[in-house]
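# Architecture and fold: a report
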Amino acid sequence: MQNFDYQTPTRLIFGKGIIEKLPEVMNQFGKKILLTYGGGSIKKIGLYDKVKELLADFEIFELSGIQPNPKYDPSVLDGVKICKENNIDVILAVGGGSVLDCSKAIATGAKYDGDPWDLISYKAFAEDSIPIVDIITLAATGSEYDCGGVISRTETNDKIGYMDSHNYPMVSFLDPTYTFTVSKKQTAAGCADAMNHIMEQYFCEDSTLLNDGFMEAGLKSLMANAVKCLENPQDYTARAEMMLTCTYGCNGIYSLGNSQSGWPCHGIEHALSAYYDITHGEGLAIITPRWMKHILSEKTVNRFVKYGVNVFGIDSTLDKFEIANKAISETYKFFESIGIPMHLKEVGIDESRIVEMAHHIAVNEGLENAWVPLNENDLVKILTDSL
Ligand code: NZQ
Ligand code: ZN
């Protein structure tokens, strides 16, 4: 078991109707709010009106139109400008992971004198930030409970995931009923994203019985509940469990004391989204089984056996490589069964930029230090196998 240093400052408020606590929570941080949101889903579900009604006594500025795979320019830069010009006290992010991630970059960027990209690219480190409160409306990223953010910069094909302890939301509101309207595509992609967050922590050198059990249960919970949510989008119990399982995804709690895996599938997917602006969870679902096949070896096989037996119930008396291969094929079949396109060509990606993307990943994602190191040739192979 590895040493660790862990602190999660975020207050989680969970359940139906918890929005009523919003004014009391916002009051702790001040009266000038920057309300951030995406392309309009929060208006369609009545959440925008509810927030405005509850916060009638506050001064609210707005940044709307934050896109999936949130963009540095204009969204982060516009948000920083609004905060600086108006002395914003607190950011209220309402939406999915993209709105939260963008708000995180705004929160630190607004308290920094230089180019906010310095903070995202680790050229500089934040010393202060504007507090963030969020109302998450999509179960997927876990951004509501972690200090990570992922920001895209179109002109350089960069999509950078970074961590900064200033980025933990102070308070996250999690009401599963707000996820009833999430489309089948985004529900399935969210499930694949959250499953991959667990896999990125499960497939490593050093784990514990405790963490393995927690993560195996997380994977089973995500698969069972995603199927229920797709059958009945208004199944409260399924949406609720899905939401909480996703919330744990990236804040480290699933794998305290584990060795690092290097998060290879995320490293690869960042390039796919950066070059082609695809849905993050779909890119991960496509890459994951190909990456698994690529790294299966005498060194890794026992992890796959454990995964296959405990998550998919594969017969433990079979040959270890047979179990591992069945586990990989079950993973693929599950993603396919929930409607995810399982080939890059289906999401508009052909072979033309694979070499360029592999180079970009090799230079930027540090995967030579992953549990199973990946060099440029490995990346070309995984991407080509995913076509
Ligand atoms: O823009 P609006 O109109 O709000 O619509 C969104 C968007 O089109 C829609 N949506 C959200 N809530 C909805 C809804 N539609 C109907 N009803 C609702 N209640 O869903 C679409 C996708 O939203 P987005 O926020 O992009 O999805 P997600 O939450 O999956 O976030 C993806 C982003 O998060 C990053 C990804 O890379 C990607 O950029 N990640 C962030 C992480 C983190 N901070 O820890 C970790 C993840 O690994 C991930 O990389
Ligand atoms: Zn992810």
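Details of the structure are given in the entry above.
The notes below deal with the structure included here. Remember, it's a predicted structure, so these values are computed and weren't measured experimentally.

Further remarks concern the coordination of the zinc ion (ligand 2). Around the zinc ion (ligand 2), the donor atoms from the protein are Asp193 (OD), His197 (NE2), His266 (NE2) and His280 (NE2), and they sit 2.0 to 2.2 Å away. Written as a sequence motif, the donor residues of the zinc ion (ligand 2) are D-x3-H-x68-H-x13-H. Of this pair, Asp193 sits in helix 7 (residues 184-202) while His266 is found in helix 10 (residues 264-276), placing the two residues 73 residues apart along the sequence. Summarising the burial analysis for this pair, Asp193 and His266 share the class buried.

What follows concerns the environment of Ile349. Along the chain, Ile349 turns up in the loop between helix 13 (320-337) and helix 14 (354-364). Since its relative accessible area comes to 1%, Ile349 is described here as buried. Beyond its immediate chain neighbours, meaning those up to four positions away, Ile349 contacts Leu272, Tyr276, Ile278, Leu344, Met357 and Leu387.

Before going further, it helps to examine the packing of aromatic side chains. Evaluation of the coordinates by the stated rule reveals 13 aromatic pairs. Each ring, one from Tyr202 and one from Phe203, has its centre 5.3 Å from the other, and the planes form 70°; the classification is edge-to-face. Residue Tyr202 is classed as buried on the basis of its relative accessible area of 0%. Phe203 sits in the buried class, given a relative accessible area of 1%.

Burial of strand 5 (residues 132-136) is extensive: five of the five residues sit out of reach of the surface. Burial along strand 5 is two-sided: Ile132, Asp134 and Ile136 and Val133 and Ile135, pointing in opposite directions, are all buried. Both strand 4 (residues 90-95) and strand 5 contribute to a ladder of five bridges, which runs parallel. Counterpart to Gly95 in the pairing with strand 5 is Ile136. Pairing between strand 5 and strand 8 (residues 171-174): four bridges, direction parallel. Bridged to Ile136 within strand 8 is Leu174.

So, about the pattern of salt bridges. Per the stated rule, a full pass over the model turns up 16 salt bridges. Between Glu62 and Lys52 there is a salt bridge, and its shortest N-O distance comes to 2.9 Å. Note that Glu62 is positioned in strand 3 (residues 59-63) and Lys52 in helix 3 (residues 47-54), a separation of ten residues in sequence. Judged by its relative accessible area of 30%, Glu62 is partly exposed. Of the charged contacts, one joins Glu351 and Lys345 as a salt bridge, the two residues approaching to 3.5 Å between their closest N and O atoms. In this structure, a network of salt bridges that share partners links the residues Glu20, Lys50 and Glu53.

Reading the values: rules and limits
Residues numbered from 1 in each chain as written. Chains lettered and ligands numbered in written order. Predicted model: local features only at pLDDT ≥ 70, side-chain atom pairs only at ≥ 80, totals over all residues. Heavy atoms only, no water. Donors = N, O, S within 2.8 Å, 3.2 Å for Na, K, Ca; no water. Helix = DSSP H or I, 4+ residues; strand = E, 2+ residues; numbered from the N terminus. Buried < 20%, exposed > 50% of the residue type's maximum accessible area, 1.4 Å probe, protein only. Contact = heavy atoms within 4.5 Å. Phe/Tyr/Trp six-rings, centres within 6.5 Å; stacked < 30°, edge-to-face > 60°. Pairing = 2+ DSSP bridges. Salt bridge = Lys/Arg side-chain N within 4 Å of Asp/Glu carboxyl O.

Nothing here speaks to function; it is geometry throughout.
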